[in-house]
Amino acid sequence: MRLKITILITKIILLAVAVLWFFQNPGTVVIEWQGFEVEVSLGIVLLGLLILFFLYGLISWLVGRMNHFLSWFYEGKEIRRRRDGRALLSEAFTAQALGCDNKAIELAEDAQKLLPLSGIPSLILYQVGQELNNDSLVNKSLKILNKYKELKPIATAYYLAKYCENENFKEAEKIIESLKKECPKSPWAWREIALYKYKVQDWQAAHESLHKAESLGGFQQDEFNRMASHIWYELSQQPSKDRLNALKLLEKSFEADETNVTAAVAYAEALKQEGDLIAATTVLKNAWAAKPDWPLAEMYAKILSKGTSDIERLKYIKEISETNSHHPTTILILAIGCLKAKVWGESSKYIQQLPDGVDKRILQAALVKSEKNDVDAATLLIKEVLGSLGYAQSASVI
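Reading guide: rules and limits
Residues numbered from 1 in each chain as written. Predicted model: local features only at pLDDT ≥ 70, side-chain atom pairs only at ≥ 80, totals over all residues. Heavy atoms only, no water. Salt bridge = Lys/Arg side-chain N within 4 Å of Asp/Glu carboxyl O. Helix = DSSP H or I, 4+ residues; strand = E, 2+ residues; numbered from the N terminus. Buried < 20%, exposed > 50% of the residue type's maximum accessible area, 1.4 Å probe, protein only. Core = buried A, V, L, I, M, F, W, Y, C linked by side-chain atoms within 4.5 Å. Contact = heavy atoms within 4.5 Å. Axes fitted to C-alpha atoms, helices over the stretch in contact; angles between N-to-C directions. Parallel < 35°, antiparallel > 145°, perpendicular 65-115°, else oblique. Left-handed = near helix turned anticlockwise from the far one by under 90°. Nonpolar A, V, L, I, M, F, W, Y, C, P; charged D, E, K, R; others polar. Phe/Tyr/Trp six-rings, centres within 6.5 Å; stacked < 30°, edge-to-face > 60°.

> Honestly, the pattern of salt bridges in this entry has me stumped. Any pointers?
Pairs can form between side chains of opposite charge once their charged atoms are near each other. Tallying each qualifying case throughout the model produces 11 salt bridges. In this structure, Glu177 engages Lys180 in a salt bridge whose closest nitrogen and oxygen atoms are separated by 3.9 Å. Residue Glu177 and its partner Lys180 are located together in helix H7 (residues 169-182), separated by 3 residues, close to a single helical turn. Judged by its relative accessible area of 33%, Lys180 is partly exposed. For Glu274, the salt bridge is made with Arg243, and the minimal N-O distance between the two is 2.2 Å. One end of the pair, Glu274, is in the loop between helix H12 (261-273) and helix H13 (277-290); the other, Arg243, is in helix H11 (residues 243-256), and 31 residues separate them in sequence.

> What is the right way to read helix H14 (residues 294-304) from this model?
An α-helical segment advances 3.6 residues per turn. Residues three or four places apart therefore align on the same side. With respect to burial, H14 is a largely interior element, 8 of its 11 residues being buried. Within H14 the residues assigned to the buried category are Trp294, Pro295, Leu296, Ala297, Met299, Tyr300, Ala301 and Ile303.

> Just to check I follow, could you spell out the nonpolar core for this structure?
One broad rule of soluble globular proteins: the nonpolar side chains tend to lie buried together. Within the largest apolar cluster, 40 residues are counted, with the highest numbers of intra-cluster contacts made by Tyr267, Leu284 and Leu296. At the level of elements, H11, H12, H13, H14, helix H15 (310-321), helix H16 (328-340) and helix H17 (344-353) are the ones that each hand at least two residues to this core. Here this core gets 9 residues from one element, more than from any other, and that element is H12. Sequence-distant contacts of Tyr267, that is, excluding residues within four places in its chain, are made with Leu247, Leu250, Glu251, Phe254 and Val283.

> Looking at this structure, I do not really get the packing of helix H4 (residues 120-132) against helix H5 (residues 135-145). What am I missing?
Angle between the axes and distance between the axes: these two values describe a pair of packed helices. Look at H4 against H5: their axes get within 8 Å of each other, and the N-to-C directions meet at 150°. The angle between H4 and H5 places the two elements in the roughly antiparallel class. When the axes of H4 and H5 are compared, the crossing they make is left-handed. On the side of H4, the interface is formed by Ser122, Leu123, Leu125, Tyr126, Gly129 and Gln130, while H5 contributes Leu137, Val138, Ser141, Leu142, Ile144 and Leu145. For the contact of H4 with H5, the class distribution of residues is 8 nonpolar, 4 polar and no charged.

> Honestly, the packing of aromatic side chains in this entry has me stumped. Any pointers?
Centre-to-centre distance and the angle between the planes together describe a pair of aromatic rings. Following the criterion strictly, the structure yields 4 aromatic pairs and no others. Ring geometry for Tyr158 against Tyr159: centres 5.8 Å apart, planes inclined by 70°, an arrangement best described as edge-to-face. Its relative accessible area of 11% is what places Tyr158 among the buried residues. Ring geometry for Tyr198 versus Trp203: centroids 5.6 Å apart, planes at 85°, classification edge-to-face. By way of ring pairs, the aromatic residues Tyr126, Tyr158 and Tyr159 are connected into one cluster.

Here it is, written out as structure tokens:
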């Protein structure tokens, strides 16, 4: 501030000195133009020039201030427009969360008018359209979402799912190829490619794209492990795989996800064929610790049992059940194993240990049917319980 004042005072002093000097040393200026001759005092000329410079500066300042005012006015108008648009967006999200879908659509469309360069209003319309099964609204919003790089994955995932559902694999493959070219290092792009290949059971391509997506951060570790385990299992079942390669793939599958019961059973079966019964039973016990299930007990009994009696099978079911013995599925398997072996009292004891989520009345009815040697009726009742719990029903233990 002091520097500015000093400079201003200096300019005023210099101007005063210059004016004083010209008045002490007067002179004249002669101007000739098209035959006219004008003689003017030098002081008057300088005064005129000063006035012109002053007017020029004043006009420039006024123009600058006017531009600043107009800029402030339009910028303020833009800020108000954006503020109102964001407020409408917040209301639209609130309406959607509370289930007021029609109001959410109205608010989102109003927000779109105030925020023409934003894709967020269309995202709300897309979500509401899916909730209402309104294909027209969904397609309208997807066209807008597809214009935004950040929101394009939503549209891409939707179109891929639709093409798969309609078995329009030609169009789906076009999207896949475009993703590879346009987004070679995008985690979401490779994620969509992997999910598509997984869905259409192109296992080799799914394997490659899954690992590519995982390296870019496109999958959480648990999700990656589940998918990788399934893919390795499917690859091991291909006719082109020899016995050793298939065994290695099954090992990878089981190590990736020990809850993959199908892979665990296949791996144990393969180890049994190699003559490694200890490794086979160890795999089944580890799988049981992760997730008890019927096929594991069935395979365990198959590997160790020398006979086919239900009593002998029950012995090995109890043996593998020592791991994770308090799990509801373990108790259920033991109950039904005892029921099939006609160890009625022990079966009833296990049924009483089951948690409240299991319908014990049906199992008690199955027990009664089994006691009367009505095995078919008992089995149907047992499967009814299994269906309600979502457990596998394919094992011959049942």
